Structure formats: C-alpha cells, structure tokens
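Remarks on the overall topology
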Amino acid sequence: MGNLRRKRILVAGGAGFIGSHLCDALIRDGHDVICLDNYYTGRKENVYHLLNHPRFSLVEHDVELPLELDAEEIYDLACPASPVHYSRRPIQTLRTNVLGALNLLELANRKQAKILLASTSEVYGDPEVHPQREDYLGNVNPIGRRACYDEGKRCAETLFFDYRREKGVNIRVVRIFNTYGPRMNNDDGRVISNLIVQALAGGDMTIYGDGSQTRSFCYIDDLIEGMVRMMNGADDFPGPVNLGNPAETTILELASQVRALTGSASRFVFQPRPEDDPKRRRPDIKLAKERLNWTPKTSLDEGLRSTIEFFRSQHVKEEYGKIT
Ligand code: NAD
Ligand code: UDP
C-alpha cells in the first residue's frame, strides 16, 4: 500500500464499468471499500470476485435519496455514462447527477470526508476550441438530448465548488474523457463496445455520420491511476482536471483498427449522427502532468487487444452457458 494508510472509502456507482475497476484498485491498495449502486447500468457480476473479500462490502442504494454511513473518502461515479442509457431516462439522469451530488456532498460534510466527482469532457459540449483545456467554458446546448447529462454534470461541478466555498468541504473534480476497457457491457451502446461486439459477431459495424468525428480514448487502468492520484493529491488543488489520452482518432479509423484486430469480415454501415454529437474531442492534459505527474501509458492498440480479449471470453462464457 506504499505510504498510504488504510482508509474507509465509499465508491458510489461502484458496480459500473469504471467503479468496479476503482474498487479493485482500492482493495489492492489495502483499503476498506463500500461499493454502493442501484444497478441501473451496473451489474453485481462486475464486483462478484470481491464479494467474499473481508474489506469489501456492497450496498444497494439510489443516490437520489439521502444516505448515512461512515467514510473518509467518497468517489461520486453514480450516473449512467453511455448516451444510449442516459438519454433513455433524461429526467432521472438529471436527478441522479444533481440530487446524487447533493446527498453525497452532505454526507462528506457531516463526516469531514474528502469527495471526488467523476465529471466529464461533455461539460465542454461540442467544443469550439481544440484540444480542450480546463479553463474552456464549453459549448453545451442546454435544451438538446444530451443536456440531461452535460448540464447535470455541470450542475454537479457547481455544487462541488459551492460546498467547498460555503462549507469548506474537501473536494476534487476530474473531467474524464472517453474511457474503455474490460467490463463494459455488451449493450452499453458506446462506440468501442459496439464495434467490438459487432466485429466479433460478424455483424454490421455501425458508424454514425461519416465517421470523421474524433475522440481520444483512454484505457481504464490509466484512468484509475489518475483518479486515485487526484484523490490523494494536494488539498489546494480541487481541479477540475482533465483525465484522458490525448491520442486522437476518427471513428472510421477506430472501426478499421477494431476490424483488423478482431480479424473480422464485418461491413461498415453508416447511420445518422445523433443530435449534438461532438465533432472533435481531445484533452489537453498539461495540468494533470504538472500537478499529478500523470500521463496515460497504454496505446490504443494495446488497450483494444485486451478489451477484445475480454469480449471474446464473455462470448465463450455465454456459448458455454447455452450448452450446459
Ligand atoms: P456505468 O454506467 O458503467 O457506471 C455507472 C454506475 O452508476 C452504474 O453501476 C449504475 O448502476 C450506477 N448508478 C446510476 N445511477 C445511480 C443512482 N441513482 N444511484 C446509485 N447508483 C447509480 O458508467 P462508467 O463508464 O463506469 O462511468 C462512471 C462515471 O464516470 C459516471 O459518473 C460517468 O459520468 C463518468 N464518466 C465516464 C466516462 C467514460 O468514458 N466511461 C467519461 C466521462 C465520465
Ligand atoms: N458512434 C458510432 N457508432 C456506434 C456508437 C457510437 O459511430 O455504434 C459514434 C458516436 O456518434 C460518437 C462517437 O462514436 O461520435 C463516440 O460515441 P460514444 O457514445 O462512445 O461516446 P460519446 O459520444 O459520449 O463521446
């Protein structure tokens, strides 16, 4: 555990993709971890391997409701992250972001706990400056279909900074850029899981628009390292800080890479691009480098290989399940 003392840590949204990897890392570091989730997009299977661990506990709870438990650190990750899921129930997405942040900040205030918000690059909307730095105020359409997520996270950031200013709560805010890796759901709806699942099944690979829009994809292990560094960083650096991999790729290039790595013969099919879908996205990570000494280490090629391996093993499990 290095020189870090054992702490009691709450991970809200801990049964999701990022949350479950964070639980793993915190358990590995010797901490007591409480994973809290309402299983809207997360799954118990993601933390199944931790269930019998003496320092791990699982709590079913909706962060829209107040909660009472002991924790010295709180990670607020509770919120669906895929556009497919967050726009399915937009009012709930807003409630989760705003009421969830309020309830967790109240808890942090009562317990004198440190609290970190998993915010998003979506606070920059469809950005007019490129790459995006933390001082860019963004270009969000407040009445569009993505607004429940973008504005929900923007409001959560506001709450975090107001709790710091008004009540002295010890906060951290990270703005996460597109992250991928093992444990994404088959039906998550985000581009990397969609393309891999489609390629492995030999079905059509869906490209929205002409595929010229860009994203910068960060591998999960790199992101977790950055989040934990931020939580353990200096109290006078609340953020916001961008966490992402600055290597930028078009969706068409990504699809070609996935097709090549899976050895698939799938066709590309072009579908309409969703409303307000950002045209370009790439983080400027100078601040994270300077303040957290953090840079992502995993190339897209390496990260895609291990993610493809994960989806392959899932597929084998499913097939085996059908036979037995
Ligand atoms: P995910 O959907 O896999 O995980 C979110 C978890 O939160 C799920 O387990 C879900 O069941 C839980 N949850 C949702 N609403 C809840 C509620 N009301 N009460 C309790 N739990 C609730 O998504 P993820 O990719 O793991 O994202 C985790 C966090 O990181 C989210 O806050 C997301 O906005 C943020 N983020 C993710 C990315 C990314 O690329 N994955 C990028 C930017 C920000
Ligand atoms: N996308 C795509 N095919 C898919 C899913 C997504 O071309 O099957 C596109 C989507 O329109 C967007 C990019 O890939 O331009 C990233 O989408 P994702 O939902 O993964 O993340 P976000 O839009 O939140 O960055």
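Keep in mind the model is a prediction, meaning the values are calculated, not measured.

Thresholds, definitions, all that
- Counting restarts for each chain, with residues numbered from 1 along the sequence as it is written.
- Both sets of labels track the order of writing: A upward for chains, 1 upward for ligands.
- In keeping with the predicted nature of the model, local features appear solely for residues at pLDDT of at least 70, side-chain atom pairs appear and are counted solely at 80 or more, and the whole-chain, interface and lining totals rest on all residues.
- Helix and strand assignments follow DSSP, with helices taken as H or I runs no shorter than four residues and strands as E runs no shorter than two, numbered in order from the N terminus.
- In this setup the radius of gyration rests on C-alpha atoms only. A globule is expected at 2.2 Å times the number of residues raised to 0.38.
- Contacts here follow a simple rule: the backbone-placed C-beta atoms of the two residues must lie within 7 Å.
- By definition, a residue lies near a molecule or strand when the C-beta atom built from its backbone is within 6 Å of it.
- Under this scheme, a helix contributes an axis fitted over its contacting stretch, all axes are lines through C-alpha atoms, and angles between N-to-C directions fall in the 0 to 180 degree range.
- Take the far helix as your reference; a near helix turned counterclockwise from it by less than a right angle gives a left-handed crossing, and one turned clockwise gives a right-handed crossing.
- Ten residue types, Ala, Val, Leu, Ile, Met, Phe, Trp, Tyr, Cys and Pro, are classed as nonpolar, four, Asp, Glu, Lys and Arg, as charged, and the remainder, Gly among them, as polar.
- UniProt positions are given in the numbering used here, feature names are shortened, and annotations may be inferred rather than shown by experiment.
- Under the convention used throughout, the expected extent of a helix is 1.5 Å for every residue step, that is, one less than its residue count.
- Backbone-placed C-beta atoms define the burial measure: a residue is buried with 20 or more other C-beta atoms within 10 Å of its own, exposed with 12 or fewer, and partly exposed in between.
- An arc is given here, and it is the one of the directions from the helix axis to the C-beta atoms.
- Confidence of the predictor in every single residue is expressed as pLDDT, which spans 0 to 100.
- The labels follow the angle: roughly parallel below 35 degrees, roughly antiparallel above 145, roughly perpendicular from 65 to 115, and oblique for the rest.

A few words on the overall build of the chain. The helix and strand tally for the chain stands at nine helices and 13 strands. For the chain, whose C-alpha radius of gyration is 19 Å, the value lies close to the compact-globule estimate of 20 Å for 324 residues. The long-range fraction of contacts in the chain, counting pairs at least 24 apart against all pairs at least 6 apart in sequence, stands at 80%.

The environment of ligand 1 is made up of 27 residues, and the closest members are Gly13, Gly16, Thr41, Gly42 and Ala81. Listed by contribution, the elements that provide at least two residues to the shell around ligand 1 are helix H1 (17-28), helix H3 (90-111) and strand E5 (114-120). Per element, the largest residue contribution to the shell around ligand 1 is three residues, and it comes from H1.

Close contact between H1 and helix H6 (residues 220-232) brings their axes to 10 Å; oriented N to C, the two are set at 65 degrees. In terms of crossing hand, the pair formed by H1 and H6 is right-handed. Counting all contacts with H1, which are made through Ile18, His21, Leu22 and Ala25, the residues of H6 involved are Ile220, Leu223, Ile224, Met227 and Val228. Residue classes in the contact of H1 with H6 are distributed as eight nonpolar, one polar and no charged.

Turning our eyes to something else, we now look at the UniProt feature "domain: NAD-dependent epimerase/dehydratase" (unreviewed entry) in the chain. Per the UniProt record, the feature "domain: NAD-dependent epimerase/dehydratase" (unreviewed entry) sits at residues 9-244. Segment residues 9-244 splits into 35% helix and 19% strand. End C-alpha atoms: 24 Å apart.

Let's shift gears to helix H7 (residues 251-262). Compared with an ideal rise of 1.5 Å per residue, which puts 12 residues at 16 Å, H7 spans 16 Å between its outermost C-alpha atoms and is within 8% of the ideal. For H7, the set of buried residues is Ile251, Leu254, Ala255, Val258 and Thr262. Along the long axis of H7, the arc covered by the buried residues comes to 100 degrees, so they all point the same way. Positive backbone phi, approximately 70 degrees, marks Gly263, located one or two places after H7.

Residues with a pLDDT of 70 or more make up 96% of the chain, whose mean pLDDT is 95. Among the scores for the predicted complex, ipTM is 0.98 and pTM is 0.96.

Let us now look at the site of ligand 2. Surveying the vicinity of ligand 2 reveals 15 residues, the closest of which are Arg190, Val191, Asn194, Thr206 and Tyr208. No other element matches the three residues that strand E8 (residues 205-208) contributes to the shell around ligand 2. Here the shell around ligand 2 is composed, by residue class, of six nonpolar, five polar and four charged.

So, about unusual backbone geometry. Here the amide bond leading from His130 into Pro131 is cis, since omega sits at -5 degrees, within 30 degrees of zero. Looking at where Pro131 falls in the secondary structure, it is placed in the loop between E5 and helix H4 (147-167). Of the consecutive residues Gly239 and Pro240, the connecting peptide bond is found in the cis state with omega at 5 degrees. Mapped onto the fold, Pro240 is located in the loop between H6 and strand E11 (241-243). Of note, the phi angle at Arg183 is positive, near 80 degrees, even though the residue is not glycine. Turning to its location among the elements, Arg183 is positioned in the loop between strand E7 (179-180) and helix H5 (191-201). You can call Arg183 buried: it has 23 C-beta atoms within 10 Å. One non-glycine residue, Asn293, lies in the positive phi region at around 55 degrees. Structurally, the position occupied by Asn293 is in the loop between helix H8 (286-292) and helix H9 (300-323). On the basis of neighbour count, Asn293 is assigned to the exposed category, with 9 C-beta atoms found within 10 Å.

Glancing now at the packing of H3 against H4. For the pair H3 and H4, the least separation of the axes is 9 Å and the interaxial angle reads 15 degrees. Relative to H4, H3 is oriented roughly parallel. Seen from above, H3 lies across H4 with right-handed handedness. Contact residues: Pro90, Thr93, Leu94, Asn97, Val98, Ala101, Leu102, Leu105 and Asn109 in H3; Cys148, Tyr149, Gly152, Lys153, Cys155, Ala156, Leu159, Phe160, Tyr163 and Lys167 in H4.

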